[in-house]
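Listed below are the residues making up each chain.
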Amino acid sequence: MAGQLWGALLCTILGASAIDWEAIMDSNVAEYYTAFHAQPLKNWLNDPNGPLYYNGRYHLFFQYNPYYWKWGNMNWYHMTSEDLLHWEHLPIGLPNDKNYDKDGVFSGSATIVNGVPVLTYSVDSQRWLVNAYPKNLSDPYLIEWTKPDAPTIFRPNNTAGFRDPTEAILGDDGVWRMWAACDMGPCQLKSKKKDFNLWTYVGIFLPTTSGGIYECPDFFVLPGTDKYVFKGSVKGQEWWTVGEYTSIPGEHTLDKYKLLSGDILENNQRFDMGNFYASKTFYDTPNDRRVLFGWVNYHCNQTDWSGVQSFPRVVLPDPGKDNSLITVPIPELESLYDEQLVKESNLVITPSTKVFYENMGSQLDIKAKFFVGEGANASASFSFRVGINPKNENDFNEIPIAVGKANNGTLIGAPFEMYDSDKGILEVRILMDRSIVETFVQGGRRAFTQSWCPGNYRAIDEMAVEISSASKILMKELVVHSVKKANIRP
């Protein structure tokens, strides 16, 4: 089955006849499959791995079980795109076909080394890391990758756990730096003799304060600044901190990192407060930006797949607060707009006057602005309901939002700040894609991802949207667009 599947997909890539989707799909329910999120045609996915831009194409890999919709038998799935919107499916990028990775090709990253993309990944034993290189650089799809006969990057003797390597950074001294998840905190490694295949452990870069390992670490420049972000996956969430990074010359010296925004587990410093984990960023060269993907883990009944990748987000400094950041959907989404379904302004909503929009469907970009009051006068408690079943109005996905008098807000119970510079305006953006809902407030100051498998899936294209409020509130603006399908699967 796997061979037939990849053969059909390659025919599509090369412009041959259309795929017989019914022959591929074992599931009776295709309605939950997303329209503009990256995901495999079927089976299990988890952590995004090695996103990169190379020779005019984006590549995204992620953890994948080629045999079933539950976790196991980890390989790297491979997709490619010219615009981060329309993703093509390729054969498995890194199969677990070597003796040292037969128990699983686990998480890792991509680094461009002397103009060549290198995939660095971890294995089940957590004893070593492995570099894989493209077999044919003239292939724009980078379909085949070459692995070494044996690993060359070994776990330090005084650590436990050794996995999830980051993208590497080249220092001014010509020495590469890389970080990996270890039990006492992220291990820092430096390349030997400027050789990307030979590395030395130089120490614990950021000692853990959680009592647990910081999985899937990430380390990168906060765009537009000279500060660096460290991210770790721990306690089921994506935590970040902003700091001052000092590169210490030499192959055996530990670099320095001074925290500026507080400990990584303080101040609710999280990319997303919902169903979002094991994230990975990469530098988007043509657009000079840092782009973020995260794993959204869910399974809808009667489907043969589990999980999707979040819609790609741009990581930016928070314009209203030092040493902080925001994440927003990439603006290219607007190129997928199909129809403007709603445009409202200065609409007063009260407990007795709910706003209800029929036949909105389930592929939406909703943008709204509310006046909630300033300072001591700030007060609001309202809710969006999306995916309302046209035959059962009690079947919906709810997004409650509140703001209190101390300028403290909550999005689905997750706290966020209102700044004086907001002048009492609360911005809300909701991306809905059939079975996933991603909500952002205040331009990405807080994000919350939910999975949503509506009970009446046959009416998924007829779903309604409702806005209600516990008290009188002014909705200054509401614009809703339907979003076209970008994925190749119907």
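Heads up: these notes are all about the structure in this document.

Rules of the game
Residues numbered from 1 in each chain as written. Predicted model: local features only at pLDDT ≥ 70, side-chain atom pairs only at ≥ 80, totals over all residues. Heavy atoms only, no water. Helix = DSSP H or I, 4+ residues; strand = E, 2+ residues; numbered from the N terminus. Rg over C-alpha atoms; globule rule 2.2 N^0.38 Å. Buried < 20%, exposed > 50% of the residue type's maximum accessible area, 1.4 Å probe, protein only. Contact = heavy atoms within 4.5 Å. Areas by Shrake-Rupley, 256 points an atom, 1.4 Å probe, with all protein chains shown as cover. Lys, Arg positive; Asp, Glu negative; His and termini not counted. Charge placed at Lys NZ, Arg CZ, Asp CG, Glu CD. Polar contact = N/O pair within 3.5 Å; in protein donor to acceptor, adjacent residues only side chain to side chain. Disulfide = S-S within 2.5 Å. Pairing = 2+ DSSP bridges. Axes fitted to C-alpha atoms, helices over the stretch in contact; angles between N-to-C directions. Core = buried A, V, L, I, M, F, W, Y, C linked by side-chain atoms within 4.5 Å. Phe/Tyr/Trp six-rings, centres within 6.5 Å; stacked < 30°, edge-to-face > 60°. Lys NZ or Arg CZ within 6 Å of the ring centre and 35° of its normal. Salt bridge = Lys/Arg side-chain N within 4 Å of Asp/Glu carboxyl O.

### Observations regarding the overall build of the protein chain
Scanning the protein chain from terminus to terminus reveals two helices and 35 strands. For the protein chain, whose C-alpha radius of gyration is 23 Å, the value lies close to the compact-globule estimate of 23 Å for 490 residues. Viewed in the frame of its principal axes, the protein chain has a C-alpha envelope of about 70 × 55 × 35 Å. Buried positions account for 59% of the 490 residues belonging to the protein chain. Sequence separation of 24 or more characterises 59% of the internal contacts of the protein chain that already satisfy a separation of 6 or more. Summing over all exposed atoms, the protein chain offers an accessible surface of approximately 19,200 Å²; the carbon and sulfur share of this is 48%. Here the protein chain carries 44 positive and 57 negative side-chain charges, and the mean point of each set is 3 Å from the other.

### Some points on the side chain of Ser 107
Topologically, Ser 107 is positioned in strand E5 (residues 105-113). In this structure the side chain of Ser 107 is engaged in a polar contact, spanning 3.2 Å, whose partner is the side chain of Asn 49. Look past the residues within four positions of Ser 107 in its chain and what remains in contact with it is Asp 47, Asn 49, Gln 63, Trp 76, Tyr 121, Ser 122, Asp 164 and Pro 165.

### Digging into the environment of Ser 379
Tracing the backbone through its elements, the reader meets Ser 379 in the loop between strand E26 (363-371) and strand E27 (380-388). Note: C-alpha distance between Ser 379 and Ile 473 (94 residues apart in sequence) is 9.1 Å.

### Some thoughts on the state of the cysteines
Following the criterion strictly, the structure yields two disulfides and no others. A sulfur-sulfur distance of 2.0 Å marks the disulfide that ties Cys 300 to Cys 453. On the sign convention where negative is left-handed, the bridge of Cys 300 and Cys 453, at about -75° about the S-S bond, is left-handed. On the criterion of sequence distance, the pair formed by Cys 300 in the loop between strand E19 (289-296) and strand E20 (305-306) and Cys 453 in the loop between strand E33 (446-451) and strand E34 (464-469) is long-range, its members being 153 residues apart. Using a relative accessible area of 0% as the deciding quantity, one classes Cys 300 as buried. Each bonded cysteine in the protein chain gets a number by its place in the sequence, and the pairs come out as 1-2, 3-4.

### A short note on the sheet that holds E27
Two strands in a sheet stick together by hydrogen bonds in their backbones, pointing the same way (parallel) or opposite ways (antiparallel). With respect to topology, six strands assemble into an open sheet ordered E25-E34-E27-E28-E29-E30, the strand pairing being antiparallel. Two strands in the sheet have a free side with no partner beyond their single neighbour: strand E25 (355-357) and strand E30 (414-417). Averaged over all pairs of adjacent strands, the angle between strand axes in this sheet comes to 15°, irrespective of strand direction. Across seven bridges, E27 lies against strand E28 (residues 397-403) in antiparallel orientation. Across the sheet, residue Arg 385 finds its bridge partner in E28, namely Glu 398.

### Some remarks on the nonpolar core
If you look at the biggest cluster of nonpolar residues, it comprises 48 residues, and the most contacted ones within it are Phe 36 and Trp 87. Counting only elements with at least two residues in this core, the list comes to strand E1 (43-54), strand E2 (57-65), strand E3 (75-81), strand E18 (277-284), E19, strand E23 (325-329) and strand E32 (436-441). With near-sequence residues (within four places) excluded, Trp 87 lies in contact with Ala 38, Tyr 58, His 59, Leu 60, Met 79, Thr 80, Ser 81, Phe 293 and Ile 488. In terms of nonpolar packing, the next biggest core, distinct from the first, is built from 37 residues, Leu 364, Leu 411, Phe 416 and Phe 448 among them.

### Concerning unusual backbone geometry
Of note in the backbone geometry, Asn 267 takes a positive phi value of approximately 65° without being a glycine. With respect to the helices, strands and loops of the structure, Asn 267 is situated in the loop between strand E17 (256-259) and E18. Judged by relative accessible area, Asn 267 falls into the exposed class, the value being 54%.

### Notes on the packing of aromatic side chains
The description of an aromatic ring pair rests on the distance of the ring centres and on the angle between the ring planes. Using the criterion set out here, one finds 32 aromatic pairs in the structure. Residues Phe 61 and Trp 76 carry aromatic rings whose centres are separated by 5.6 Å and whose planes lie at 45° to one another, so their mutual orientation is tilted. One end of the pair, Phe 61, is in strand E2; the other, Trp 76, is in strand E3, and 15 residues separate them in sequence. For the pair Phe 205 and Phe 219, a centre-to-centre distance of 5.2 Å together with 80° between the ring planes defines the contact as edge-to-face. Taken together, the residues span a long stretch of sequence, with Phe 205 in the loop between strand E13 (195-204) and strand E14 (215-221) and Phe 219 in strand E14 at a distance of 14 residues. Grouping residues by exposure puts Phe 205 and Phe 219 together as buried. Through pairs of rings, three or more aromatic residues link up here, namely Trp 179, Phe 205, Phe 219, Tyr 228, Tyr 245 and Tyr 257. The ring of Tyr 419 carries the charged tip of Arg 445 above its face, separated from the ring centre by 3.7 Å.

### What about the environment of Pro 151?
Relative to the helices and strands, Pro 151 is located in the loop between strand E8 (145-146) and strand E9 (153-154). Under the relative-accessibility criterion, Pro 151 is labelled buried at 11%. Remark: the alpha-carbon pair of Pro 151 and Gly 185, spanning 34 residues in sequence, is separated by 23 Å. The contact partners of Pro 151, leaving out residues within four places of it in the chain, are Tyr 100, Trp 128, Leu 129 and Val 130.

### Section: the pattern of salt bridges
Evaluated as defined, the whole model comprises 24 salt bridges. Of the charged contacts in the structure, one is a salt bridge between Lys 102 and Asp 103, with a shortest N-O distance of 3.7 Å. Given a relative accessible area of 46%, Lys 102 falls into the partly exposed group. Note that Arg 313 and Asp 272 form a salt bridge whose closest N and O atoms lie 3.0 Å from each other. Taken together, the positions of Arg 313 in strand E22 (residues 313-317) and Asp 272 in the loop between E17 and E18 put the pair 41 residues apart, joining distant regions of the chain. Like Arg 313, the residue Asp 272 is buried in the burial classification.

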